[in-house]
Amino acid sequence: MNKLSTYQKSVIALLTTMVGVGITSTYLTTSELKETNALLASSITIQNHIKTESAGVNQSLSKILSLSENTEPVQQPEAQPEEPDLNLSQVQLDSNTLTYGNENARFSLVTYMDFQCPYCQRFASTPETLVDKANGGLVNWKWKNSPLPFHEPNATDYAVKMLCAGAQNTDNHWKIISMWGNHEIDFATADMVGMFELDPVAYNTCLKTDSVKLTLDKDKAESRALGVSGTPTTVIVDNKTGEKRVIEGAVPMDMFVNTIEAMMKKSQ
C-alpha cells in the first residue's frame, strides 16, 4: 500500500468535487496510486492551460489599450495568410451605416452579420471589446446585415426587429446586438416593446414599412456584390489611407489587433 501526500489528498478532494472521483482512503493500492497520479497530471495540465488562455487575453487587451496613431512599427511575419477573394470596392460606408464608437475613427471594423448565425453571436463581443478598449477612439464598428439564405426568414425578421427598435432610439441598436451576443435576448419570444420602452404603434408600423426593408435590401445587395459567402465576415478599413483587409470567421481579437498594427506600419 502507498500513503498519500498532503498535496495529493488536497488535489483529490478538489477532483472529487469536480468529476466525482471517489477516493477517500489515506492508503492506496499500486493501481489506485497510478490512477491518482494520472488525475494529478491532468489537473496540472488544466491549470497550465487556464494560465496560458488568461495570459493570451491579457496580452491582447494590453496591446489594444496601447494601440494608437503613434504605435511603434512592429515586426510582422514575412508570410501572411492569403485573404479571401472579395470585391472590396463594394464596401459602402455612409452616415446611415450603424456605427458603434467614434464616428471619426481611423479604422472601421465593417462586419457582415446574420442574427441566426451562432458564430456571429459568439463573435459579437469581439469588435465591441476592441472598440471599447482601443486607445483614443482609434477604431469603430460598423454593422451590416447579411442574412444567409438558409437562415431565412428568421434572420431577416430579427434584423427588422432590431432596426425598428433602433428607429425610436439609436442606442437600442447596440443594446440589442450586445444582448444578443451575450445570449440575453431571444428574438422569437422577446417583448421588444416592453424591453426597450417603445411606442407600440410606431414599432408595429415600422415592422411593416418598406423603409426598413430597403435598408436591409441595400445591405444584402452589398454583401452579395462583395462576395460574402459566410458570416461573420469583417472588412477592416483604414479610413486614412483607404486600405482594406478581410478577416473571415469568429477569430480571436489578436488577429484584428495585429492586422491593424500591420496596416499602420505600412502607412508610415
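Summary of the structure given here. (Residues numbered from 1 in each chain as written. Predicted model: local features only at pLDDT ≥ 70, side-chain atom pairs only at ≥ 80, totals over all residues. Heavy atoms only, no water.)

## Some thoughts on the overall build of the protein chain
Of the regular secondary structure elements, the protein chain holds 10 helices and seven strands. Taking the intrachain contacts of the protein chain between residues at least 6 apart in sequence as the baseline, contacts between residues at least 24 apart amount to 76%. (Helix = DSSP H or I, 4+ residues; strand = E, 2+ residues; numbered from the N terminus. Contact = heavy atoms within 4.5 Å.)

## Some remarks on the sheet that holds strand 6 (residues 233-238)
Pairing in this open sheet of five strands is mixed, and the strands run 3-5-4-6-7 from one edge to the other. Two strands lie at the open edges of the sheet, namely strand 3 (98-100) and strand 7 (244-248), each paired on one side alone. Neighbour to neighbour, the strand axes of the sheet diverge by 25° on average, direction disregarded. Summarising the sheet, strand 6 and strand 7 pair through five bridges and their orientation is antiparallel. Residue Val237 lies in a different strand from strand 7, and its bridge partner there is Lys244. Across the face of the sheet, helix 5 (residues 154-168) comes into contact with strand 3 and strand 5 (139-145) while running at roughly 125° to strand 5. Its contacts with the sheet put helix 6 (residues 171-181) on strand 3, strand 4 (107-113) and strand 5, and the angle it makes with strand 5 is roughly 85°. (Pairing = 2+ DSSP bridges. Axes fitted to C-alpha atoms, helices over the stretch in contact; angles between N-to-C directions.)

## Brief notes about the packing of helix 5 against helix 6
Two numbers describe how helix 5 lies on helix 6: the axes approach to 6 Å, and their chain directions differ by 140°. Classified by the angle between their axes, helix 5 and helix 6 sit oblique to one another. Contacts between helix 5 and helix 6 involve Met162, Leu163, Ala165, Gly166 and Ala167 from the first element and Asn172, His173 and Ile176 from the second. Residue classes in the contact of helix 5 with helix 6 are distributed as five nonpolar, three polar and no charged. (Parallel < 35°, antiparallel > 145°, perpendicular 65-115°, else oblique. Nonpolar A, V, L, I, M, F, W, Y, C, P; charged D, E, K, R; others polar.)

## Observations concerning the pattern of salt bridges
A complete count under the given rule lists six salt bridges for this structure. Between Asp94 and Lys218 there is a salt bridge, with the nearest N and O atoms lying 2.9 Å from each other. With a gap of 124 residues between them, Asp94 in the loop between helix 2 (30-66) and strand 3 and Lys218 in helix 9 (residues 210-226) connect regions that are remote in the sequence. Overall, the relative accessible area of 44% leaves Lys218 in the partly exposed class. One salt bridge connects Glu243 with Arg245, and the closest N-O pair in it is separated by 2.8 Å. Residue Glu243 shares its accessibility class with Arg245, and that shared class is buried. Among the ionic contacts, a cluster of salt bridges with common partners joins Glu243, Arg245 and Lys266. (Salt bridge = Lys/Arg side-chain N within 4 Å of Asp/Glu carboxyl O. Buried < 20%, exposed > 50% of the residue type's maximum accessible area, 1.4 Å probe, protein only.)

## Topic: the environment of Thr209
Considering the arrangement of structural elements, one finds Thr209 in the loop between helix 8 (200-206) and helix 9. With 45 residues separating them along the chain, Thr209 and Cys164 place their C-alpha atoms 9.7 Å apart. From its side chain, Thr209 meets the backbone oxygen of Cys206 in a polar contact 2.9 Å long. (Polar contact = N/O pair within 3.5 Å; in protein donor to acceptor, adjacent residues only side chain to side chain.)

## Examining helix 9
If you check helix 9, its first and last C-alpha atoms are 24 Å apart, about what 17 residues at 1.5 Å a residue would give, namely 24 Å. Those residues of helix 9 lying buried are Val212, Leu216, Asp219, Lys220, Glu222, Ser223 and Leu226. End-on, the buried residues of helix 9 take up no more than an arc of 160°, which puts them together on one face. The exposed set on the far side of helix 9, more than 90 degrees from its buried face, consists of Asp210, Leu214 and Arg224. Packing partners of the buried residues in helix 9 comprise strand 4, strand 5, helix 5, helix 8 and strand 6. (Expected span 1.5 Å × (residues − 1). Arc of directions from axis to C-beta.)

## Description of the nonpolar core
Membership of the largest hydrophobic core comes to 47 residues, with the highest contact counts inside it found for Phe115, Leu130, Val139, Trp143, Trp180, Ile185 and Met192. Among the elements that line this core, the one with the most residues is helix 5, at seven residues. Leu86, Val91, Val110 and Leu226 belong to the second largest nonpolar core, which has 10 residues in total. (Core = buried A, V, L, I, M, F, W, Y, C linked by side-chain atoms within 4.5 Å.)

## Let's talk about the environment of Trp143
Looking at the secondary structure, you find Trp143 in strand 5. Assessed through its relative accessible area of 2%, Trp143 is described here as buried. Separated by 91 residues in sequence, Trp143 and Thr234 place their C-alpha atoms 9.5 Å apart. With residues near it in sequence (within four places) discarded, Trp143 still touches Thr97, Leu98, Thr111, Met113, Phe115, Met162, Trp174, Ile177 and Trp180. Among the polar contacts listed, one links the side chain of Trp143 to the side chain of Asn145, at a separation of 2.9 Å.

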